[in-house]
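Spelled out, the chains give:
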Amino acid sequence: MSETKITSRQIISLTAGVTTGGSVLVIGALIASVAKQDAWIGSLLTILFGIPVIWIYLFLGRRFPRMNLVGMSRELLGKWFGTIVAGSFLFLLLQMSYHIPWYMGDFMTSRIIPETPHYVIKALYIAAMSIAILYGLEALARASEIFIMIASVLFVFVMVMVAPNAKIENLQPVLENGLIPVLKSSAILSCFLSFMTISMLMIYPAHLDDSKEGGKSFLKGYFLGGGITCISILMSVLALGWAITANSRFPVFRLANLINVGIVFSRIEIIVFVIWVLTQFILSTVFFYGFIIGFSQLLKLKDHKRIVLPLALILLTMSEVVFPDVAYQEHWIVYTWVPYIFTHGFVLPVFLLVVYWVKKRVLKMDIGDNQGQK
Amino acid sequence: MQDIAVALFVAVFSIILCLIEIPDLSKKKMHRELGAFVVLVGLGILLALLKSLGWNIPNPSDLIAWTYSPVEGIIKSLLE
């Protein structure tokens, strides 16, 4: 395929961005409404449960070091069935690439600049995404390194500033309702944290020199992103209490509202917004990039950059259509997104893994290219 | 009103894009890219036009929601 190569350090930042972007601002409310004061245990368990899932992704990546998910499914499932499966996965990537501009427009117009038309915000955001992809994957990866650094520093700053408001009573009683609600909450959180990294399979093995080193970085990035999400949920419950966390649309934003040191340090919740935009940008651009790469692979296009701008126009219109209102979005994200990402982020790779094992062990077929290994 | 402005923007942007890309693509004999490009630009203009005329564009979220409606009960039991 292409000769674009990125370093394993950049895999850390891309994975961390994808993991954080999907969850850090919004999802705390849902988790807190299910697990109540034990939401933080749920999010810790989620990171733990994610490890086998990431292991499956890494295993597939190591067996096919020069392919992305589209190539893998076509290699394993045959040309026709593989193309259908890959097409369904690409559809998910496309969905996400216009959901995120919708969130951006919604958040900006409801919290920060209410009189600006949301089309303008979305158009600027989509323009930034397209420019990132036109510059190429290396530019995106390098930018993500800087973004993650800024986001982590700002995140630590916000959490330290919030710390005086934390009340340990908000966490008590621990495990009041038993372990079941905690497990349920971590099942939901997995859909926004661990399964999101499936999009990295469009980048991870194909654009990397050393897929073993890359695998370690993948895990490190996952832990970094998961840690940020976990701490944000913990601090929301500690400082706000689970009831307020569960009832606010953007719990972490509300959390930062609490910061008020004298007159100098007030209204710094915008910092939370900066963290969110930076990680969200990595997330949406990785999804959009994955879609464009996979789509041009299915159509056998030589130059994927030619279809970026026409697709950006489609994203602009679709980001307006996709959720008619907030109530629809909140219902959709729980009742549809959870099973949707579960089938593509968990069932699909497990299915590929089983097919791989059957073909290799039972049918003794020579499958997977290992020339890049050893 | 906003939708009309967006449709105009999309139309103007697509025309400029076509004027730049189509001669270049056909000169380099990249016929597949040319085909994909024309179809996608056409789709983009069509969607923006339909939106500005107030027509209902079929929402992919509805399609996915319909596909996964049988498992709604399981999700409900997760939320309790």
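Right, let's walk through the structure included here. (Residues numbered from 1 in each chain as written. Chains lettered and ligands numbered in written order. Predicted model: local features only at pLDDT ≥ 70, side-chain atom pairs only at ≥ 80, totals over all residues.)

Some thoughts on the interface of chain A and chain B
Contact with chain A, which involves 33 residues of that partner, is made by 32 residues of chain B. The set of elements that each furnish at least two residues to the side of chain A that touches chain B consists of helix 8 (180-190), helix 13 (308-321), helix 14 (326-335) and helix 15 (337-362) of chain A. Broken down by element, the residue count for the side of chain A that touches chain B peaks at 10 residues, all from helix 13 of chain A. (Contact = placed C-beta atoms within 7 Å. Helix = DSSP H or I, 4+ residues; strand = E, 2+ residues; numbered from the N terminus.)

Some thoughts on the environment of Gly178(A)
All names here are of chain A. Looking at the element boundaries, Gly 178 is found in the loop between helix 7 (137-162) and helix 8. A residue is classified by how many C-beta atoms lie within 10 Å of it, and Gly 178, with 9 of them, is exposed. Residues Gly 178 and Ala 35 lie 143 residues apart in sequence; the distance between their C-alpha atoms is 9.8 Å. (Buried ≥ 20, exposed ≤ 12 C-beta atoms within 10 Å, placed from the backbone.)

Considerations on the nonpolar core
One finds Ile31(A), Val286(A) and Ile292(A) to be the most contacted residues of the largest nonpolar core, which totals 143 residues. Not counting chain neighbours up to four residues away, the residues in contact with Val286(A) comprise Leu14(A), Val18(A), Ser199(A), Met200(A) and Ile203(A). (Core = buried A, V, L, I, M, F, W, Y, C linked by C-beta atoms within 7 Å.)

Let's talk about the packing of helix 1 (residues 8-21) of chain A against helix 12 (residues 269-298) of chain A
Residues and elements named next belong to chain A. It is at 7 Å that the axes of helix 1 and helix 12 come closest, and there the two elements cross at 105°. Taken together, the axis directions place helix 1 and helix 12 in an arrangement best described as roughly perpendicular. Contacts between helix 1 and helix 12 involve Leu 14, Gly 17, Val 18, Thr 20 and Gly 21 from the first element and Thr 279, Gln 280, Ile 282, Leu 283 and Val 286 from the second. Of the residues that constitute the contact of helix 1 with helix 12, the class distribution is 5 nonpolar, 5 polar and no charged. (Axes fitted to C-alpha atoms, helices over the stretch in contact; angles between N-to-C directions. Parallel < 35°, antiparallel > 145°, perpendicular 65-115°, else oblique. Nonpolar A, V, L, I, M, F, W, Y, C, P; charged D, E, K, R; others polar.)

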